[in-house]
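One letter stands for each residue in the lines below.
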Amino acid sequence: MDSKKYLVSPPKLLKTCNPSQFKFDSTAEIKFHPEVIGQERALNTCLFGLDIDSPSYNIYLSGHQGSGRNYLANLLVGNKAKERAVPSDWCYVFNFQEPDQPCLLELPPGLGKSLQKDITLQIEKTIKQVIKAFENNVFEDKKTSLINKFTRRTGSIYLKLEEFARTVGFAISNTGNGITSVPLKDGEVLSQDAYANMNDEERSDLRERNIAMQDRINKSLRQYKELEKNLHINIKNLEKETVRQVLAPLFLDLYKKYGFVEQIITYLEGIQNDLLENYDILLKKDDNSTISIFQNLNKRHYLRRYHVNLFIDNSELNNAPVIYESNPNYANLFGQIEYEGEFGILATDFSKIQAGSIHRANGGYIVLNVVDILRNPFVWETLKRVLKHQELKVENVNSMLGISSSAALKLNPMPINIKVVLIGEPTYYHLLYSYDEDFSSLFKLKADFDQEMPRNKENIKAYASIIASKCNAENWTHFSPAAVSEIVGFGGRLAEDQNKLSTQFDKILEIVQEAHSWARNENCELVGREHVIKALKNKRIRASLYEEKYNEAIVNNRIIINTDGERIGEINGLAVYQIGDYAFGKPVRITAKTFLGEKGLINIEREIQLSGQIHSKGILTLAGYLGYQYAQDKPLTLSASLTFEQSYSGIEGDSASSAELYALLSSIADKPINQCIAVTGSVNQNGEIQPVGGINEKIEGYFQVCNARGLNGSHGVIIPAQNVIQLMLPEEIVEAVRKKMFSIWAINHIDEGIEILMDLPAGEKTENGRFSSGSIHYLVNRKLDEWTNIRRSSAGANSLHNSSNWSKRRTF
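What counts and what doesn't
- Residues numbered from 1 in each chain as written.
- Predicted model: local features only at pLDDT ≥ 70, side-chain atom pairs only at ≥ 80, totals over all residues.
- Heavy atoms only, no water.
- Buried < 20%, exposed > 50% of the residue type's maximum accessible area, 1.4 Å probe, protein only.
- Helix = DSSP H or I, 4+ residues; strand = E, 2+ residues; numbered from the N terminus.
- Expected span 1.5 Å × (residues − 1).
- Pairing = 2+ DSSP bridges.
- Axes fitted to C-alpha atoms, helices over the stretch in contact; angles between N-to-C directions.
- Polar contact = N/O pair within 3.5 Å; in protein donor to acceptor, adjacent residues only side chain to side chain.
- Contact = heavy atoms within 4.5 Å.
- Phe/Tyr/Trp six-rings, centres within 6.5 Å; stacked < 30°, edge-to-face > 60°.
- Nonpolar A, V, L, I, M, F, W, Y, C, P; charged D, E, K, R; others polar.
- pLDDT = per-residue confidence, 0-100.
- Salt bridge = Lys/Arg side-chain N within 4 Å of Asp/Glu carboxyl O.
- Right-handed = clockwise from strand over helix to strand, strands pointing away.

Caption draft 1: Structural context of helix α13 (residues 379–389). Within α13, burial applies to Val379, Trp380, Thr382, Leu383, Lys384, Val386 and Leu387. In the stretch just after α13, Gln390 is the one whose phi turns positive, near 60°.

Here's what the structure looks like:
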């Protein structure tokens, strides 16, 4: 048979990039660096979403790692933020009316930092000025005057008390325990003996005089205490008035500076009134004595109420904020309230309220990775709540769950206006969309990142620009045109399409860096093509341990793969193995055994639950093909078993379905299959060959096995014709094909593969519905006819035997 018409010519096996199209001697000459490459769809979606000022139009940036999604998010959000004004500052301050419910102040940008500084300086200045005022001669004179007045009046009371005491025959003395009275007789203190010699009348008179004396003492004491009380009040009023006179001019400047913000005026009035009522705290001097330790702590703790907690400071911004939160746990994202131990208990105040990334992004944008969010407990639900209600109250996770035993502050929620950009894999988008009822209403825009882009002049130049940009940024060795061409070829291989280039720039730049390292080690001025090839080769060597072990097992016949001769019902299929980020192809031995029966196709892998759903579908498709092709005039009398020999793990995919069909037809027709040729391709019920994935890896895998055993010109691979456009094979294989030591056939129908593998015509149906004599389909159909006739004869004999037994039974 003429199978040459299906051969793929060497030029179609690899699309190279001609270095002559570059108009530079090295990438150092490239000045233009495109911002976004090959992602117009995602770019336009993001721009549209960022322009919509709505809490529902948050963006999910969907793409695979390394596709440039982070760079695009940073670029677009950063550019958009420049168009928006700087948002407000936010401060937490002490609430003088309700101390456990701090006040949240919204201030023009930059004013919060100014207020914090001014209040701190004002309190320090107030303390100094109050102390200075109290040490002033004027204050001391006024205070002394009040004390002197008190002394004079109390002295007058004491003199009058002494005078009264003498009139009633008593003397008084002022001891540390108070005023006492002593009876006198003849100007001397009455002794015990004198008192004992008194008669009853004298003693009665003494008692009456003593009672009068005590009444007068008590009256004098009441007068003294009243005067003392008035003295304290007067001194207090004097101190308050002095403090008021100090505060008035000090706060006047603040009122003028912040008079346009009503919230600050109210706050300043609260500070001024509180200082006036509690100025005595300010007068306590710090010292290191044991007695003063608690007083010092009390003073410092009290002075915290005058601190301004600059919750959000936007003074350094020139536009709306852009926050990239790489660790979005609950506290980092939504803020927290810190506690500290004070004498064995946990305590907090408004100064320990800390902002999260959501607060800092308020009025702007926040970029988050969806995987990081979903890994942190309570974060996703809280984020949705913030977006739905447009507000956020700082609370710790324990408080939110109601299991905190510490006293908590009563905080009012802060209004939130942000645009969230979520970055993640497409899988997470589909899962959230399907299983989270709020997701679709909060993230209305999905920006899809493509993993490939057209292979045109603009994008090829963009590859060169990316290389140049990275070399400039990292101070790497620049690339020659030939080296850039090799990188472009690698991009085509990643895309698995001769007309596409990959947008997985992390993998591209990984090779760029390694090629630079090889060039630097060799002290080369430019990275050449040989350095890129060496980087690609070594990258493969580092990851190909399992591939080499598999090759070794095949070459040593521990895994039986026949690559020479002919065999009935046996064929080499091709499979792709994925280990981490490395994929490689290898041949697998597929065998089919057919025999008379009605069980149909038995998929051994399916019977032992090693077959995936797609692979099982491929087997059932074969049954449809056989029924349509050969059972139009008879029942399909067939039992067959299919298996992947020496395969002990799960099998998925239908790319081996055409190989399985060839093996079946070979077994039924009793015609051998050329073992030099491996096959890949999916087949449908019409016998049409469908494209498969991993085509390059599959061809390389079989080529390595055949090359290790020795190419003889008869080895090759049959692939679907639709996969030709995806061929980006190594030069080694292209050269072998060019020398006719290895062949690649591309087919569209199962019949074309039959002619290549079995060296017989597949056969076509004639006008009478028969297949042309001597063809594979003729032989298959003839065998099925034989089995059908045998089955009918067997069924007839059994029926006659049963009828005879029935007749005998009736006669009997």
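Let us keep going from here.
Caption draft 2: Inspection of helix α24 (residues 657–669) at higher detail. With 13 residues, α24 should reach 18 Å at 1.5 Å per residue; the first-to-last C-alpha distance of 18 Å fits that figure. Taking burial as the measure, the 13 residues of α24 include 13 buried ones, the bulk of the element. Positioned one or two residues after α24, Asp670 has a phi angle of 60°, which is positive.

Caption draft 3: Layout of the sheet that holds strand β6 (residues 188–189). Ordered by their spatial adjacency, three strands build an open sheet running β4-β5-β6, and the pairing between neighbours is antiparallel. Where the open sheet ends on each side, the last strands, each with one partner, are β4 (170–175) and β6. Strand direction decides the pairing type here: strand β5 (residues 178–185) and β6, joined by two bridges, are antiparallel. Across the sheet, residue Leu184 finds its bridge partner in β6, namely Val189.

Caption draft 4: Quick peek at the sheet that holds strand β7 (residues 309–312). Ordered in space as β3-β2-β7, the three strands form an open sheet in which the pairing is antiparallel. The outermost strands of the open sheet, each flanked by one partner alone, are β3 (103–107) and β7. Going across the sheet, the axis of each strand differs from the next one's by a mean of 30°, ignoring polarity. Of the strand pairs in this sheet, strand β2 (residues 89–93) and β3 are connected by five bridges, and their pairing is antiparallel. From the neighbouring strand, Asp89 faces β3, where its bridge partner is Leu107.

Caption draft 5: Focus on the side chain of Lys634. Looking at where Lys634 falls in the secondary structure, it is placed in the loop between α23 (613–630) and β24 (639–644). A distance of 3.4 Å separates a polar atom in the side chain of Lys634 from a polar atom in the side chain of Asp633. At 3.0 Å, the side chain of Lys634 and the side chain of Asp785 are in polar contact. Dropping the residues within four chain positions of it, Lys634 is found in contact with Asn781, Leu784, Asp785, Thr788 and Arg792.

Caption draft 6: The arrangement of the packing of aromatic side chains in detail. Counted by the stated rule, this structure contains 24 aromatic pairs. Note on Phe134 and Phe139: the rings are 4.7 Å apart at their centroids and 15° apart in plane angle, and the pair reads as stacked. For the residue pair Phe134 and Phe139, the accessibility class agrees, reading buried in each case. In textbook terms, an aromatic cluster arises when at least three aromatic residues are bridged by ring pairs, as seen for Tyr60, Trp380, Tyr429, Tyr433, Phe439 and Phe443.

Caption draft 7: Molecular detail of the packing of helix α18 (residues 481–495) against helix α20 (residues 529–543). Direction vectors running N to C along α18 and α20 enclose 35°, while the axes themselves pass 7 Å from each other. Here α18 contributes Ala482, Ala483, Glu486, Ile487 and Phe490 to the contact with α20, which in turn contributes Arg529, Val532, Ile533 and Leu536. Across the contact of α18 with α20, the residue classes break down as seven nonpolar, no polar and two charged.

Caption draft 8: Broad picture of the confidence of the model for the protein chain. Put simply, the protein chain has an average pLDDT of 86, and 92% of its residues get 70 or more. Every residue in residues 288–294 scores below 50 in pLDDT, and together they form two contacts with partners more than four places removed in sequence or on other chains. In this model, residues 803–812 is a region of pLDDT below 50 whose contacts with residues beyond four sequence positions or in other chains number zero contacts.

Caption draft 9: Inspection of the pattern of salt bridges at higher detail. Here the structure, examined in full by the defined rule, presents 34 salt bridges. Arg304 is paired through a salt bridge with Asp349; the nearest N and O atoms lie 3.3 Å apart. On the criterion of sequence distance, the pair formed by Arg304 in the loop between α9 (293–303) and β7 and Asp349 in the loop between β11 (345–347) and β12 (353–354) is long-range, its members being 45 residues apart. A residue is classified by how much of its surface remains accessible, and Asp349, at 13% relative accessible area, is buried. The salt bridge partner of Lys384 is Asp436, with a shortest N-O separation of 2.9 Å. Of the two residues, Lys384 is situated in helix α13 and Asp436 in the loop between α15 (426–435) and α16 (439–442); the sequence distance between them amounts to 52 residues. For the pair formed by Lys384 and Asp436, the shared burial category is buried. Through salt bridges with shared partners, one network takes in Arg493, Arg540, Glu547, Lys586, Glu697 and Glu700.

Caption draft 10: Molecular detail of the pairing of strand β30 (residues 743–747). With respect to burial, β30 is a largely interior element, five of its five residues being buried. Burial of the side chains of β30 extends over both faces: Ser743, Trp745 and Ile747 are buried on one face and Ile744 and Ala746 on the other. Bridge analysis of strand β29 (residues 716–720) against β30 gives five bridges, and the strand direction is parallel. Bridge pairing links Ile719 to Ala746 in β30. Read as a crossover between parallel neighbours, the route from β29 over helix α26 (residues 731–738) to β30 is right-handed.

Caption draft 11: Just unusual backbone geometry, in detail. Notably, Asn475 is not glycine yet its phi reads approximately 60°, a positive angle. If you trace the backbone, Asn475 turns up in the loop between α17 (457–474) and α18. Not every positive phi belongs to a glycine, and Asn523 is a case in point at roughly 55°. For Asn523, the location among the structural elements is in the loop between α19 (505–521) and α20.

Caption draft 12: Highlighting the side chain of Gln498. Along the chain, Gln498 turns up in the loop between α18 and β19 (500–502). Gln498 sits in the buried class, given a relative accessible area of 10%. Leave out the neighbours within four places in its chain, and Gln498 touches Lys12, Leu13, Leu14, Lys15, Arg455, Val724, Ile725, Gln726, Leu727 and Met728.

Caption draft 13: Summary view of the environment of Phe251. Looking at where Phe251 falls in the secondary structure, it is placed in helix α6 (residues 200–257). You can call Phe251 buried: its relative accessible area is 0%. Each C-alpha atom of the pair Phe251 and Arg84 lies 35 Å from the other, and the pair is 167 residues apart in sequence. In contact with Phe251, not counting residues within four places along its chain, are Gln122, Thr126, Leu268, Ile271, Gln272 and Leu275.

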